[in-house]
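Structure assessment
Residues per chain, in single letters:
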Amino acid sequence: MTLDQATIARLAARLEAAERNRQPLVKITDEFPQLDYDDAYAIQDAIRASKLAAGVRIAGLKAGLTSQAKMRQMHVTEPVFGFLTDYGAYADGGDVPFEQFIAPRIEAEIALVTHTELKGPGCHLAQVLAATDFVLPAVEILDSRYENFKFDLVSVVADNTSAAGYVCGGRPRLVDELDLPTLGLVVEKNGQVVETAAAAAVLGHPAASVAMLANHLARQCQTIPAGSFIMTGGITAALSVARGDAFTVRVQELGSVSLRFV
Ligand code: OOG
Ligand code: MG
C-alpha cells in the first residue's frame with residue numbers, strides 16, 4: 001500500500017466522475033507510478049462504497065483478463081476482479097444507448113449463478129461446480145474510464161476493471177448437463193461471424209475463474225455469497241463498438257444473447 005486514505009478517496013471520486021460525465025482520464029499510474037494492487041483494490045472498494053451509499057445495488061461479480069486472447073489484447077499477464085451494478089444490466093435482445101459510454105467494447109462470456117457460498121483460500125474448481133446453480137451465456141460491455149484504453153493492470157483494477165454493463169440470457173443450463181470447457185461459441189457482428197472460440201479459453205474451464213475470485217476475496221476476508229451472478233471473463237478478444245452495431249453471441253447448448261447499440 002503506497003497511498004493514504006485521502007488520496008484513495010480522491011482517485012475514486014475522479015474515476016466515478018469520469019464514468020458519470022463520460023470524460024476519460026489519463027491512467028492514474030502516470031501520476032502515481034508506484035501504485036500497487038492493494039492501492040488499486042482500495043480505490044475500487046471506495047468506488048463501490050460510494051455507489052452503495054448512493055443507492056446502487058451490487059448485482060454481481062466479475063473476473064477479467066482470464067483468457068489468452070484478452071491478456072494478449074491488453075498486454076497483461078494476470079486476471080483482475082471487479083463488481084457489476086444494477087444499472088449496468090441490459091435486456092437480452094434489447095437496445096443499449098451508445099451515448100451512455102465513452103468508447104464501449106463488448107466481449108462474450110460464460111456466467112454462472114451460485115446456490116452456496118464460496119470461500120477461499122484453497123477454493124478449487126470442484127467446489128465451484130458443487131456450488132453452481134446454473135450457467136448461462138452473457139455479453140459484457142466494457143468502457144475504460146482511461147483515454148484510448150491506455151492502462152496497466154493496477155490502473156484497470158482501480159477503474160473496476162472497465163465494467164460498464166452486461167446482458168445475460170440464452171438458455172440457462174445445469175452445469176452437470178454440460179461439458180463446459182468444450183462448448184463452442186460464435187460472435188456475430190451485424191450478421192457476420194467475427195470470433196469463434198471454446199469456453200476452455202478461460203483458464204481451461206470458466207469455473208476456474210470463480211475459484212480464483214474466491215481465493216482473491218479471501219485475502220480481504222470476503223467470500224462469494226450464495227446466489228451470486230458471476231461473469232467469468234472474456235473468451236474472445238473484446239470488440240470495439242460503433243453506434244448502430246448489433247451483436248449476437250451463440251454458445252453451444254446455451255442459446256444466444258444479443259444486443260444493439262442505438
Ligand atoms: C479489462 C477488463 C477485462 C475480461 O473479461 O477480460 C474483462 C479491459 O479489458 O478493459 O472484463
Ligand atoms: Mg469481461
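The present account deals with the structure reproduced in this document. (Residues numbered from 1 in each chain as written. Chains lettered and ligands numbered in written order. Predicted model: local features only at pLDDT ≥ 70, side-chain atom pairs only at ≥ 80, totals over all residues. Heavy atoms only, no water.)

**Observations concerning the coordination of the magnesium ion (ligand 2)**
In the first shell of the magnesium ion (ligand 2), the protein supplies E107 (OE), E109 (OE) and E140 (OE), at 2.0 Å from the metal. One chain supplies every donor to the magnesium ion (ligand 2), and in sequence these donors are spaced E-x1-E-x30-E. Placement of the pair is E109 in strand 5 (residues 105–114) and E140 in strand 6 (residues 132–142), with a sequence separation of 31 residues. According to the relative accessible area criterion, E109 is buried, its value standing at 0%. We classify E140 as buried; its relative accessible area is 0%. (Donors = N, O, S within 2.8 Å, 3.2 Å for Na, K, Ca; no water. Helix = DSSP H or I, 4+ residues; strand = E, 2+ residues; numbered from the N terminus. Buried < 20%, exposed > 50% of the residue type's maximum accessible area, 1.4 Å probe, protein only.)

**Here we look at helix 1 (residues 5–21)**
Helix length check: helix 1, at 17 residues, gives a terminal C-alpha distance of 24 Å against a target of 24 Å (1.5 Å per residue), a fit within 8%. When helix 1 is considered as a whole, its buried residues turn out to be T7, I8, L11, A12, L15, E16 and A18. Residues of helix 1 that are buried in the fold lie against helix 2 (37–53) and helix 5 (153–158). (Expected span 1.5 Å × (residues − 1). Contact = heavy atoms within 4.5 Å.)

**Some points on the site of ligand 1**
Among the 17 residues in the neighbourhood of ligand 1, the closest are listed as K62, L65, E107, S162 and G234. Residue K62 places a side-chain N or O atom 2.8 Å away from an oxygen atom belonging to ligand 1. Contact distances for ligand 1 include 2.9 Å between an oxygen atom and a side-chain N or O atom of R105. Considered on its own, ligand 1 offers 320 Å² of accessible surface; in the complex 100% of this is hidden by protein. Sorting the residues of the shell around ligand 1 by element identifies strand 1 (58–64), helix 3 (68–74), strand 5 and strand 6 as the ones contributing at least two each. Of the residues that constitute the shell around ligand 1, the class distribution is six nonpolar, five polar and six charged. (Near = heavy atom within 4 Å. Polar contact = N/O pair within 3.5 Å; in protein donor to acceptor, adjacent residues only side chain to side chain. Areas by Shrake-Rupley, 256 points an atom, 1.4 Å probe, with all protein chains shown as cover. Nonpolar A, V, L, I, M, F, W, Y, C, P; charged D, E, K, R; others polar.)

**Some words on the pattern of salt bridges**
Scanning the entire structure with this criterion turns up 12 salt bridges. Between E99 and R243 there is a salt bridge, with its nearest N and O atoms 3.3 Å apart. Residue E99 is located in the loop between strand 4 (94–96) and strand 5, and its partner R243 is located in the loop between strand 11 (239–240) and strand 12 (246–251); the two are separated by 144 residues in the primary sequence. As a salt-bridge pair, R145 and D159 come within 2.7 Å of each other at their nearest N and O atoms. Taken together, the positions of R145 in the loop between strand 6 and helix 5 and D159 in the loop between helix 5 and strand 7 (163–168) put the pair 14 residues apart, joining distant regions of the chain. (Salt bridge = Lys/Arg side-chain N within 4 Å of Asp/Glu carboxyl O.)

**A look at the nonpolar core**
If you look at the biggest cluster of nonpolar residues, it comprises 74 residues, and the most contacted ones within it are I43, I224 and F261. Tallying contributions element by element places helix 6 (residues 206–218) first for this core, with six residues. Beyond its immediate stretch of four places on either side in the chain, I224 contacts L61, T116, E117, L118, V210, L213, A214, L217 and I230. One finds L84, V113, L136 and Y166 within the second-largest nonpolar core, a separate group that totals eight residues. (Core = buried A, V, L, I, M, F, W, Y, C linked by side-chain atoms within 4.5 Å.)

These figures capture arrangement, not role.
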